[in-house]
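Analysis of the macromolecular model
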Amino acid sequence: MVRQHVNPLSSFFQLERPLPPLQELFQQPERPLHLDIGCARGRFLLAMAPLHPQRLHLGLEIRRSLVALAEADRERLALDNLRLLFANANVSLPPWLAALPRGQLQLVTIQFPDPWFKLRHHKRRMVQPELLQALATALDPEGELLLQSDVPMVMAHMLEAVAASGAFEPADGGTWLAENPLPVPTERERHVLRQGLPVYRRLFRRGRSWQGLHNPIGIPS
Ligand SMILES: C[S@@+](CC[C@H](N)C(=O)[O-])C[C@H]1O[C@@H](n2cnc3c(N)ncnc32)[C@H](O)[C@@H]1O
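Read on for a plain summary of the structure. Source: prediction; values computed, not measured. (Residues numbered from 1 in each chain as written. Predicted model: local features only at pLDDT ≥ 70, side-chain atom pairs only at ≥ 80, totals over all residues.)

**Here we look at the pairing of strand S5 (residues 139-149)**
A regular strand places its side chains on the two faces of the sheet in alternate fashion. Going by this rule: At least two DSSP bridges between two strands are required for those strands to pair. Secondary structure elements follow DSSP: runs of H or I no shorter than four residues count as helices, runs of E no shorter than two count as strands, and numbering proceeds from the N terminus.
Relative to S5, strand S4 (residues 105-111) runs parallel, the two sharing six bridges. The residue bridging Val108 from the neighbouring strand is Leu145, located in S5. Bridging between S5 and strand S7 (residues 200-206) involves five bridges; their strand directions are antiparallel. When the sheet's bridge partners are listed, Ser149 is paired in S7 with Tyr200.

**Quick look at the site of the ligand**
Spelled out, the test is: Any residue whose C-beta atom, as placed from the backbone, lies within 6 Å of a molecule or strand is termed near it. Note on residue classes: Ala, Val, Leu, Ile, Met, Phe, Trp, Tyr, Cys and Pro are nonpolar, Asp, Glu, Lys and Arg are charged, and everything else, Gly too, is polar.
Taken together, 21 residues sit near the ligand, with Gly38, Ala40, Ala89, Thr186 and Arg188 positioned nearest. Per element, the largest residue contribution to the shell around the ligand is three residues, and it comes from helix H8 (residues 187-194). When the residues that make up the shell around the ligand are grouped by side-chain class, the tally is ten nonpolar, five polar and six charged.

**Describing the sheet that holds strand S2 (residues 56-61)**
What counts here: Axis definition: a line fit to C-alpha positions, over the contact stretch in the case of helices; interaxial angles, taken between N-to-C directions, run 0 to 180 degrees.
Strand order in this open sheet of seven strands is S3-S2-S1-S4-S5-S7-S6, and the pairing throughout is mixed. Both outer strands of the open sheet, strand S3 (82-86) and strand S6 (168-170), are each paired with one neighbouring strand and no more. Strand-to-strand twist across the sheet, computed as the mean angle between neighbouring axes with direction ignored, equals 20°.

**Quick word on the nonpolar core**
Quick note on the threshold: For our purposes the nonpolar core covers buried Ala, Val, Leu, Ile, Met, Phe, Trp, Tyr and Cys residues that link as a set through C-beta atoms within 7 Å. Using C-beta atoms placed from the backbone, we call a residue buried if 20 or more other C-beta atoms fall within 10 Å of its own, exposed if 12 or fewer do, and partly exposed for counts in between. What counts as a contact here is a pair of residues whose C-beta atoms, placed from the backbone, lie within 7 Å.
By size, the foremost hydrophobic cluster in this structure holds 50 residues, and its most contacted members are Leu45, Leu60, Leu93, Val108, Leu132, Leu135 and Leu145. Here this core gets six residues from one element, more than from any other, and that element is helix H6 (residues 129-138). The residues contacting Leu135, other than those within four sequence positions of it, are Leu97, Val108 and Leu145.

Okay, structure coming up:
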């Protein structure tokens, strides 16, 4: 599998590109929302959207060419409850989440994020406390965050970031999920399972004591 990473910390990807509000993306923008961050070619969401027609599904992906391919498939399949957007989630998502109606965000999936193995590249990893705090602030109290990876050190990094965010609590009894709770595996997940390799999965809810971010978009005081 050839991978073409982009550096999310480069000045081009640090430009804030505001994401459109749900009213501009969906015909029925008040429905419960599923957010998939790092959706790549979108095949997971293209399969999830018809299985959960009562939900809106929004995919974010930093590689524009993949978004174009996924959006073309979405249009061909006439899926009006799915959109896939080009964005650096770390930059564009927190202000967008701050404006989202409370209770609408029901599910967040972050699946097999880029590992960025070298120590000096760890800061390029997508799962960071700031993003997690913004997600928790928008997440419905009954909503869920699903994390998956096949790389133990990446899973460990995500769990450390979740703990450091102070915003989530385990929804899985604090143990690994043996099965994917969702009906569709991602592309990376299929690839890993075909090789007979393990997948690490954890499920979280918003922490009961989490009060939300008072200054979620980082406006200097
Ligand atoms: C290893 S792939 C996994 C794709 C898919 N979730 C799966 O499981 O098959 C990780 C994806 O996250 C995207 N990505 C990495 N950093 C991102 C960021 N800051 N914002 C949005 N997407 C990002 C990458 O371009 C890549 O397509």
